[in-house]
Amino acid sequence: MLGYFGPAGTFTHQALRTVTDAPAQPFGSVQAVLDAVRAGEIEAGLVPIENSVEGGVTATLDNLASGDPLVIVSEVLLPVSFVLGVRPGTTLDQVRAVITHPHAHAQTRDWVVANLPGAVVTEGGSTAGAAEEVARPDSRFDAAICAAVAADLYHLDVIASDIADNADAVTRFVLVRRPGSLPEPTGADKTTLVAYMHADRAGALLEILQQFAMRGVNLTRIESRPTKKAFGDYCFSIDAEGHIGEPRMRGTLKGLHRVCRTVTFLGSYPRADGISPKIAHGFTAAEYQAAEDWIDTVMGRTR
Ligand SMILES: O=C(O)C(=O)Cc1ccccc1
């Protein structure tokens, strides 16, 4: 069974439906999804990880970085668009209290200020959870910022559509499993990891970046996150182009293992956009193999 950040009607649910019609169980928080995967209650779980407007979903990044190990086995990209859903009869000028997910609030902030001056937005749960809450006759909230499908599902009236400040926003979701076999390299893959530096070492971040740069490995995301262990102690959450099965990525990971305090490997998986990296001269698998063969030759070893 699969699980997802729910309830039914979340963007995560829609992202899941773009890849499978298999039955799936909703969970009320990212943590609940990831804990259910860890406990073996579900085989895999889909959670949001990154948004093109707001950046990383910290609940996901931090849980993956610090909880018992899980690995990402695939990713899904979904364009997101928001509506304002109300109980039938409520008009725009009656809306005072709004509820939604923090990322939905962040992406509709300007619209809310311009169209609902004086309204208070409460962040919590998911966008579909917000719609479900507003649908209760005794709810203290007048409106939910959610997906059109959630408004429909919970029988809310849509009194404003396409209310995102940036019409091209895309959210990235990841499917995680317990560690086991990894997806095979496809030639268009990403690797996700968390690097913990040695404390108070000048140039420690540069050393991390050098491991990628010296092997021609491009990064697609890097974020610093507090480790929560001590004030000022940070780790780096990184996505890079390539698969652990490819020599330049293996070399990078081994290099990181040597220079970092800890490296948490969070998976190598196919890119949703299918874009293959341009591998610079000197970094292809064939060139790594040729270099290995040459070492064997000069050391007088035969294969
Ligand atoms: O709350 C949801 O529906 C989610 O799946 C999280 C989310 C919120 C806002 C944009 C994209 C994903």
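Small disclaimer: the values here were computed from a predicted structure and weren't measured. (Residues numbered from 1 in each chain as written. Predicted model: local features only at pLDDT ≥ 70, side-chain atom pairs only at ≥ 80, totals over all residues. Heavy atoms only, no water.)

1. Things to note about the side chain of threonine 100
Residue placement: threonine 100 occurs in strand E7 (residues 97-100). Those residues in contact with threonine 100 that sit more than four places away from it in its chain are His105, Val121, Thr122, Glu123, Gly124, Thr127, Ala130 and Ile145. (Helix = DSSP H or I, 4+ residues; strand = E, 2+ residues; numbered from the N terminus. Contact = heavy atoms within 4.5 Å.)

2. Considering the domain arrangement of the protein chain
Partitioning the protein chain into domains gives domain 1 (1-80 + 166-180), domain 2 (83-161) and domain 3 (182-303). With centres defined by C-alpha atoms, the gap from domain 1 to domain 2 works out at 23 Å. Of the residues lining the interface, 17 residues belong to domain 1; the matching set on domain 2 comes to 16 residues. Taking both partners together, domain 1 and domain 2 bury about 1,100 Å²; carbon and sulfur atoms supply 66% of that area. When the buried surface of domain 1 facing domain 2 is broken down by residue, Pro7, Phe11 and Glu54 rank first, second and third, together holding 35% of it. (Domains from an automatic or database assignment. Buried area = accessible area lost by both parts, 1.4 Å probe.)

3. Focus on helix H9 (residues 247-259)
With 13 residues, H9 ought to run about 18 Å at 1.5 Å a step, and its terminal C-alpha atoms sit 18 Å apart, in line with that. Among the residues of H9, those classed as buried are Arg248, Met249, Gly251, Thr252, Leu253, Gly255, Leu256 and Val259. For H9, the secondary structure elements touched by its buried residues are strand E12 (189-196), helix H8 (204-213), strand E14 (234-241), strand E15 (262-270) and helix H10 (285-298). (Expected span 1.5 Å × (residues − 1). Buried < 20%, exposed > 50% of the residue type's maximum accessible area, 1.4 Å probe, protein only.)

4. Digging into the UniProt feature "domain: ACT" (unreviewed entry) in the protein chain
As recorded in UniProt, the sites labelled "domain: ACT" (unreviewed entry) are residues 193-270. The span residues 193-270 shows a helical share of 29% and a strand share of 37%, and its end C-alpha atoms are spaced 15 Å apart. (UniProt positions renumbered as here; feature names shortened; annotations may be inferred.)

5. Brief notes about the nonpolar core
Grouped together as the largest cluster of nonpolar side chains are 32 residues, with contacts concentrated most on Leu46, Leu84, Val98, Leu116 and Ile145. Looking at which element gives the most residues to this core, the answer is strand E5 (residues 71-79), with 4 residues. Both domains that furnish three or more residues to this core are identified here as domain 1 (1-80 + 166-180) and domain 2 (83-161). (Core = buried A, V, L, I, M, F, W, Y, C linked by side-chain atoms within 4.5 Å.)

6. Description of the site of the ligand
Around the ligand lies a shell formed by Phe5, Thr10, Phe11, Thr12, His101, His103, Ala104, Gln107, Ser126, Thr127 and Thr171. Within the side chain of threonine 127, an N or O atom sits 2.5 Å from an oxygen atom of the ligand. Here the ligand loses 99% of its free accessible area of 320 Å² to cover by the protein chains. At a threshold of 2 Å from the grid points, most atoms of the ligand map onto the largest cavity. Of all elements in the fold, only helix H1 (11-17) and helix H4 (102-106) reach the threshold of two or more residues within the shell around the ligand. (Near = heavy atom within 4 Å. Polar contact = N/O pair within 3.5 Å; in protein donor to acceptor, adjacent residues only side chain to side chain. Areas by Shrake-Rupley, 256 points an atom, 1.4 Å probe, with all protein chains shown as cover. 1 Å grid on protein atoms, 1.4 Å probe; cavity = no way out; pocket = protein on both sides within 12 Å on 5 of 7 lines; lining within 4 Å. Sits in = over half its atoms within 2 Å of the grid points.)

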